[in-house]
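# Structure at a glance
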Amino acid sequence: MDITGRKLFVKALEEEGVDTIFAYPGGTVTDLFDELYKTNSINLVLPRHEQGLIHEAEGYAKSTGKVGVCLVTSGPGATNTVTGLADAHYDNVPLVCFTGQVPLPLIGNDAFQEVDIVGITRNITKYSVTVRDRKDLGKIIKMAFHIARTGKPDTVHVGQLKRAYKMLKSAKKPLILAGGGINVARANENLRRFAEAENVPVVTTIMGKGAIPTTHPLYVGNCGMHGKYAANKAVSECDLLFSIGTRFNDRITGDLNEFAPKAKIVHIDVDTASISRNVVVDVPIVADANVALDKLNEWAEPIKTAEWQKQIKAWDEENPLGMRRDKGMTPQMIMEHINKNYKDAIYVTDVGQHQMWATQYLELDSNSQLLTSGGLGTMGFGLPAAIGATFGRP
C-alpha cells in the first residue's frame, strides 16, 4: 500500500533506530515536522539556529557513536549547515542531514529560498542527492544511513598486517601513533590491550587524545605542534612508527622532510585516500581500527623496550610540558582542578588556545571523552556540541 512521503520519512527514521533529531522548521519541510510531532519514538530538538543545530548533531554523534540526524528547510536553512557538514566530514562524524528544496518544477529558476545544496556540499559529504521521486525516498534514506555508518572497507588484508607485525617485532625503538580513528571506531580498549601486550609506548594526535588512558604508563602524550617534547622526540628517534587512524596532517607532521626520519612507517586507516597522501608509508593497510587490532591482538607478544621507554622518560623529565607555579593561577592549574573533581565526564571545547590547554592537560580514561573540532577548527562548535552530547548521553 502506498503511503505519503512524510509518513514514509518518519517510518524510515524509526526503522533506522533514530531516537533524536535536531531540526529547525521552514516552509519546505513543514509537512515533515507535522508528521514528526505525531510520533513518540523520536525526540525532536529545536535549536535557535541551523549552525547550532548541526553542531548539536555532531556532539550527539561523537558522544554516542550513533548517527546524528538533522532536518532543515531549503535555501538559507540548508546553507547554514555547510560549515557543520565540513566539520563533520573532516573529523569523520556520522551525520545524515535532510534539507528541504523548492518544488521540482521550480528547481533551476532562482525560486525563493532555492540553492543547489547538492552541488555546494558534494565535496564535503560522502553522499549528496536530491530525491526527485517519492518511490525512491525509502531506498535513498536507507542508503544514506548505511553510508554514514560504514561506507568504507571493514575487512583487512591479513598478509599486509602480518608484514607490519613482523616489522614491529624486529624494531628496537617502536612507537604507536594513535589518531582520531581510534576514538571514532571505539577501538580504545583494543588499542590498550595491544600496547600492553607488545609493551610499546604510545603517542596520540589531538583527535586521538583518550585513545589510551592518559595516566597509562605507556602513554607519552600528544605529538605535533601543540604536543609534548618527549612525544615529538620519540617520533623523531623511533625506528618504527606504527600508526592507526590518523591522516598525518600538517599539525602533526610539520616539515614532511623531517617527520619520523629514522622510521619505517606502518599506516592503518579505514580511508584509502588518507594513506600515503601526506606521508609516504612503507606498509599501507586499509582497515577499520577494531578489525585490524582484533587480528593484531591474536598475535601479540611483548617486545623488549625497557631502554627505549627509559630514554623517552628522560626526555620528558628534561623538558616537561608545564607552566610556572609561582605567579598565580594558570590554565594548567585549572585543568588539574577539573581532573581532580570530575571523573566521569564528557569534555567539549571550542577552538583556540583553551582547546590546546584542554588537549594538553586533561586526563582521560575509559569513562571520559573529549569532543573537539579538529580537522576544520570551527569556532562556535563547543556550546552546541555540548548540548548535543547532553541529549546523547544525559
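Check the entry above for the structure.
Given the structure is predicted, the values throughout are model-derived calculations rather than measurements. (Residues numbered from 1 in each chain as written. Predicted model: local features only at pLDDT ≥ 70, side-chain atom pairs only at ≥ 80, totals over all residues. Heavy atoms only, no water.)

## Description of the sheet that holds strand β8 (residues 240-244)
- On the basis of which strands lie adjacent, the open sheet formed by six strands has the order β7-β6-β5-β8-β9-β10 and parallel pairing. Only two strands of the sheet have a single partner each, and these edge strands are β7 (219-222) and β10 (283-286). With strand direction ignored, the average angle separating the axes of adjacent strands in the sheet is 15°.
- Contacts from helix α8 (residues 158-170) reach β5 (174-178), β8, β9 (264-269) and β10 within the one sheet, and its direction differs from that of β10 by about 135°. (Pairing = 2+ DSSP bridges. Helix = DSSP H or I, 4+ residues; strand = E, 2+ residues; numbered from the N terminus. Axes fitted to C-alpha atoms, helices over the stretch in contact; angles between N-to-C directions. Contact = heavy atoms within 4.5 Å.)

## Some details on the pairing of strand β3 (residues 68-72)
- Most of β3 is tucked away: five of the five residues are buried.
- Burial along β3 is two-sided: the residues Gly68, Cys70 and Val72 and Val69 and Leu71 are all buried.
- Pairing geometry for strand β1 (residues 20-23) and β3, over two bridges, is parallel. Residue pairing across strands places phenylalanine 22 opposite cysteine 70, the latter belonging to β3.
- For β3 and strand β4 (residues 95-99), the ladder comprises five bridges, and the chain directions are parallel. Within β4, the position partnered with leucine 71 by the bridge is phenylalanine 98. (Buried < 20%, exposed > 50% of the residue type's maximum accessible area, 1.4 Å probe, protein only.)

## Observations regarding the sheet that holds strand β2 (residues 43-45)
- Taking strand neighbours across the sheet as the criterion, the four strands line up as β2-β1-β3-β4 in an open arrangement whose pairing is parallel. Each edge of the open sheet is held by one strand with a lone partner, namely β2 and β4. Across the sheet, the mean angle separating the axes of adjacent strands is 25° when strand polarity is ignored.
- Where helix α7 (residues 137-149) meets the sheet, it contacts β3 and β4, and its direction lies at approximately 150° from that of β4.

## Comments concerning the nonpolar core
- Ranked by size, the top nonpolar core spans 34 residues in total, and within it Ile182, Leu191, Phe242, Ile268 and Leu296 carry the most contacts.
- Those elements that place two or more of their residues in this core are α8, β5, α10 (188-198), β8, β9, β10 and α13 (289-299).
- Ignoring sequence-local partners within four residues, the contact set of leucine 191 consists of Ile176, Ala178, Ile182, Ala211, Ile212, Ile244 and Leu293.
- Judged by nonpolar contacts, the second largest core, of 24 residues, contains Val10, Val67, Val96 and Ala144. (Core = buried A, V, L, I, M, F, W, Y, C linked by side-chain atoms within 4.5 Å.)

## A look at α10
- Of the positions making up α10, those classed as buried are Asn190, Leu191, Phe194, Ala195 and Glu198. The buried residues of α10 occupy an angular sector of 130° when projected down its axis, which confines them to one face.
- Contacts made by the buried residues of α10 are with α8, β5, α9 (180-184), β6 (202-204), β8 and α13.
- Two residues or fewer after α10 comes asparagine 199, characterised by a positive phi angle close to 60°. (Arc of directions from axis to C-beta.)

## Some thoughts on α8
- Given a rise of 1.5 Å per residue, 13 residues ought to cover 18 Å, and the 18 Å separating the end C-alpha atoms of α8 matches this to within 8%.
- For α8, the complete set of buried residues consists of Gln160, Leu161, Ala164, Tyr165, Met167 and Leu168. Here the buried residues of α8 occupy an arc of 155° about the axis, which is enough to place them on one side. Exposed and oriented more than 90 degrees from the buried face of α8 are Lys166 and Ser170.
- Contacts made by the buried residues of α8 are with β5, α10, β8, β9, β10 and α13. (Expected span 1.5 Å × (residues − 1).)

## A word on the side chain of glutamine 332
- Summarising the element assignment, glutamine 332 is placed in helix α15 (residues 331-341).
- According to the relative accessible area criterion, glutamine 332 is buried, its value standing at 8%.
- Sequence-distant contacts of glutamine 332, that is, excluding residues within four places in its chain, are made with Leu321, Gly322, Met323, Arg325 and Tyr361.

## Focus on the environment of valine 235
- Structurally, the position occupied by valine 235 is in helix α11 (residues 229-237).
- In this structure valine 235 comes out as buried when scored by relative accessible area, which is 4%.
- Residues valine 235 and valine 93 lie 142 residues apart in sequence; the distance between their C-alpha atoms is 28 Å.
- If near-sequence neighbours (up to four positions away) are discounted, valine 235 is found in contact with Leu175, Val203, Cys223, Phe259 and Ala260.

## Side note on the side chain of threonine 81
- Within the secondary structure layout, threonine 81 lies in the loop between α4 (76-79) and α5 (82-90).
- Only 2.6 Å separates the side chain of threonine 81 from the backbone oxygen of alanine 78, close enough to count as a polar contact.
- Those residues in contact with threonine 81, other than ones at most four positions away along the chain, are Glu50, Ile54, Val72 and Cys97. (Polar contact = N/O pair within 3.5 Å; in protein donor to acceptor, adjacent residues only side chain to side chain.)

Treat this as a map of the structure, not an account of what it does.
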